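Here is how the chains run, residue by residue.
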Amino acid sequence: MSGIVTAVSSNGEYSFTKPNQDSITVLAGLGVEGDVHAGVTVKHRSRVAQDPTQPNLRQVHLIHEELFAEVGEEGFKVEPGELGENVTTRGIDLLGLPVGALLRIGDDAVLEVTGLRNPCLQIDNFQDGLLKQVVGRDEAGNIVRKAGIMSIVKESGVVRPGDTIKAELPSGPHRPLDRV
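Predicted model, so just to flag it, every value in this text is computed and none were measured.

Reading the values: the criteria
- Residues numbered from 1 in each chain as written.
- Predicted model: local features only at pLDDT ≥ 70, side-chain atom pairs only at ≥ 80, totals over all residues.
- Heavy atoms only, no water.
- Helix = DSSP H or I, 4+ residues; strand = E, 2+ residues; numbered from the N terminus.
- Buried < 20%, exposed > 50% of the residue type's maximum accessible area, 1.4 Å probe, protein only.
- Contact = heavy atoms within 4.5 Å.
- Polar contact = N/O pair within 3.5 Å; in protein donor to acceptor, adjacent residues only side chain to side chain.

Student: What is the right way to look at the environment of valine 32 in this model?
Tutor: By the element assignment, valine 32 lies in strand E4 (residues 31-32). Residue class for valine 32 comes out buried when judged on its relative accessible area of 1%. As a C-alpha pair, valine 32 and serine 9 span 23 residues in sequence and 9.2 Å in three-dimensional space. Excluding residues within four positions of it along the chain, valine 32 makes contact with Ser10, Ile24, Thr25, Val26, Ala38, Gln59, Val60 and Asn86.

Student: Could you clarify how one ought to interpret the side chain of threonine 88 in this entry?
Tutor: Mapped onto the elements, threonine 88 comes out in strand E6 (residues 87-90). Assessed through its relative accessible area of 0%, threonine 88 is described here as buried. One polar contact links threonine 88 to glutamate 85, side chain to side chain, over a distance of 3.0 Å. Ignoring any residue separated from it by four or fewer positions in sequence, one finds threonine 88 in contact with Ile4, Val5, Thr6, Ala7, Ile63, Glu65, Phe68, Pro80 and Gly81.

Have a look at this one:
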């Protein structure tokens, strides 16, 4: 499984969207250098309110560019960074990866997949009705989350648009992604 980075984004201030950058540096155990969500413990406001000491399993947010085309068919216009992701990808099935998959990006960066992004109401504040496009139910009534995946940084490195992404699946039985 492989793909490509199409955009990278970060923001040092709390904001729903993240401006695109020429590159980002991911730091082992922390996240994106200078990003408001970087840290060993949780930084997302709702998680901090629950328990500020819990580990940050949401250091780097990745989202597949294909989602933008999908929601575009329903009349929504979304660009890289606008859903708060740090890394926008193309050609790799992020949502199909298991927990523990490693993503080798560019020359040095290695991310470990921790789970699915659990989208919140801020998505509807960004564009009314968009939340229903990125969270739905399958035929069996199970919740389906499509707003990307979360990861932690295992090995530091610089990530740029155009970098290749190679997925390495964990050994043993694979655990499907759930929200983190």
